[in-house]
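Summary of structural features
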Amino acid sequence: MKRAFILFLYIILTASAVENLHAQEIFKEEHPILKKDKSEPKQTRSTKEKEEVEPEISLNLALDKISKTVMLIEKFYVDSTDAGKIVDDGIRAMLKKLDPHSTYIHRKDLQQTNEPLLGSFEGIGIQFQIMDDTITVVSPITGGPSEKLGIRSGDKIIEIEKEVVAGTGVTNKDVMRLLKGPKGTLVNVGIYRKGMDGLLDFPIIRDKIPMYSMDAAYKVNDKVGYIKINRFSRTTMEEFRGAISDLKKEGVEHLILDLRNNGGGYLRTAIELGDEFLAENKMIVYTDGVYSPRQNHKATLKGNFETGRLVILIDEGSASASEIVSGAVQDWDRGVIIGRRSFGKGLVQKPFSLPDGSAIRLTTARYYTPTGRCIQKPYDQGTDAYHKELMTRMDNGEMSDSAKINFPDSLKFYTPNKRVVFGGGGIMPDIFIPMDTSHFSKHFSAILRKGLTSEFTLNYVSNNRTQFEADYADYSTFKANFAKNEKFMDAFDKFIAKHEIDEKGKDDASSREKVENRVKGLIARNLFNTQAYYQVINETDETFLKAVEIIENAKSYKAKIARN
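First, a word on what this report is: a plain description of the structure on this page. Predicted model only: the values in this text are computed from it and were never measured. (Residues numbered from 1 in each chain as written. Predicted model: local features only at pLDDT ≥ 70, side-chain atom pairs only at ≥ 80, totals over all residues. Heavy atoms only, no water.)

Moving on, we get to unusual backbone geometry. When glycine is set aside, most residues are seen to have a negative phi, and most peptide bonds are trans. Even without a glycine there, the phi angle at Asn-261 is positive, about 55°. As for its position among the elements, Asn-261 is in the loop between β12 (254-258) and α9 (267-277). Here Asn-261 falls in the partly exposed class, since its relative accessible area comes to 46%. We note that Asp-333 has phi near 55°; this positive angle belongs to a residue other than glycine. Of note, Asp-333 is situated in the loop between α10 (321-331) and β16 (336-339). (Helix = DSSP H or I, 4+ residues; strand = E, 2+ residues; numbered from the N terminus. Buried < 20%, exposed > 50% of the residue type's maximum accessible area, 1.4 Å probe, protein only.)

Let's shift gears to a nonpolar patch on the surface. A cluster of nonpolar side chains, contributed by Leu-59, Leu-63, Ile-66 and Met-94, occupies part of the molecular surface with about 410 Å² of accessible area. Element by element, the count of residues in the nonpolar patch is highest for helix α3 (residues 59-76), at 3 residues. In this structure, Leu-59 sits in helix α3. (Patch = residues over 30% accessible without salt bridge, like charges linked within 9 Å, V, L, I, M, F, W, Y side chains within 5 Å. Areas by Shrake-Rupley, 256 points an atom, 1.4 Å probe, with all protein chains shown as cover. Salt bridge = Lys/Arg side-chain N within 4 Å of Asp/Glu carboxyl O.)

Along strand β14 (residues 292-298), 5 of the 7 residues are buried, which leaves the element largely enclosed by surrounding structure. As defined by bridge partners, strand β13 (residues 283-289) adjoins β14 across 5 bridges and the pair is classed as antiparallel. Across the sheet, residue Gly-289 finds its bridge partner in β14, namely Ser-292. Count of turn residues in the β13/β14 antiparallel hairpin: 2 residues. (Pairing = 2+ DSSP bridges.)

Let's shift gears to the nonpolar core. Grouped together as the largest cluster of nonpolar side chains are 64 residues, with contacts concentrated most on Ile-227, Phe-240 and Phe-277. Residues contacting Phe-277, with those up to four places away along its chain left out, are Phe-240, Leu-255, Leu-257, Phe-305, Glu-306, Leu-310, Val-325, Val-329 and Arg-334. (Core = buried A, V, L, I, M, F, W, Y, C linked by side-chain atoms within 4.5 Å. Contact = heavy atoms within 4.5 Å.)

Attention shifts here to helix α14 (residues 452-471). The α-helix winds at 3.6 residues per turn, so residues separated by three or four positions along the chain end up facing the same way. The first and last C-alpha atoms of α14 sit only 25 Å apart over 20 residues, clearly below the 28 Å expected at 1.5 Å per residue. Maximal helix bending in α14 amounts to about 75°, located at Arg-465. (Expected span 1.5 Å × (residues − 1). Bend = angle between axes of the 7 residues up to and from the residue.)

Contact geometry for helix α17 (residues 509-527) and helix α18 (residues 530-537): axes closest at 7 Å, N-to-C directions at 155°. As the angle between them shows, α17 and α18 are arranged roughly antiparallel. Of the two possible hands of crossing, α17 and α18 adopt the one that is right-handed. Within the contact between the two elements, α17 uses Asn-517, Arg-518, Lys-520, Gly-521, Leu-522, Ala-524 and Arg-525 and α18 uses Thr-530, Ala-532, Tyr-533, Val-536 and Ile-537. (Axes fitted to C-alpha atoms, helices over the stretch in contact; angles between N-to-C directions. Parallel < 35°, antiparallel > 145°, perpendicular 65-115°, else oblique. Left-handed = near helix turned anticlockwise from the far one by under 90°.)

Below, the structure is given as structure tokens:
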């Protein structure tokens, strides 16, 4: 199960950790040198490898070989072929040989691939889940047309344009095709709502739908605020600056920034976020490549959070832009990093358009933290081995024991406070929190894998919405008064009993607590928003609780960033 969990994380991470290098300001000043033991080793071929390499051919000859090969296949291959597919597959194979993050994107996938980074898409504005072969609304997106029309969590979409879509084997891809569309166009949906007779007809005018990169921003206590960012998109800085401004108005002086499972995004956004925490002229990151001369990126004018205690949460799902921000904060002794070793992606991708509307994202440079660390983990054993590295970490025990993480002395660097930091394999946190596997019992894992917690809460809230809304006008009321009573959990157990779930670990107290807290969080999300979910989940989250402990204690906080 642990290996399956890591594999699932990898699928999400590799889909989201691609970093675009757009036109950006270049800082021409030289980097103020911070001492390190040895310079970062370049990845070069050995003498033996060089001797075995065939003589290089000219670019024109190489292109002629490819062109003639495709032509010969088209004219003489034993079966009919698709030249376009052959070329697409060839490009993918070429890029795979270069590094794990250079990618090819077909023209039909380009818009959907870019949407999370652009910060918006066009459609009706719902988060949905297919349950019992029916499209079920998890929640309408704030500010979208569905929310404005009164569509709500738990609604089931039965018809689209008078055609029945429930019980027809509808897929996520089908839903995207039927409901997404250009702004200003009309789509009619028929919705079943608990307690209502017949279907409710909703004519929805599609609109531009925001995709928020910030999941939560709330006041933890009198002086501490919390912000969780899920990706570095074009809208992230606007969201962050608005949130930090509001938190300061509420009296917040210290910040917990949660970058766990944040696979990255725009390099420029990472630079701007780092600028919020560092004083003017301090290096945030620099990039360098054979055909991409070194570019230094430094903090500019006063940021919005240059003072006050700062804790950043990371884990093995934190990659790329997340590592730029946490690396800069760590290198300048600006804050405390808590969690587990980050993913280790130190390569920068630049997008290039191809003649047919498709594109490649090509690695053009490595990025380096202020001390000179390149945190890119090795990929010399091939792409497949690279994508299994997180599972290797799990098998080696380093997810639960920091002593099993080995960094070579050749990759040792020093911060201004003479603290030791390492390059070559992600950001190692200042405070290690082992992975909590107590909820990985077969029983709980099966519940999660089948999406039963989400399904139960959607139905439970839908069936009891009137009472819920009467009892809990807002989240603060919910937090103060909601209790996981026997009736509530009895309903959950009866729901689970209807499914074939492995009973092993069912009565484990720790596992049970995780299940109950997750269900409570999902109810809060369905009643209010995603932030409410994290407010509930964080109450029992070990990494978050450690962050609060450290940030509230000035002495402990300073000790963590002081000279070793």
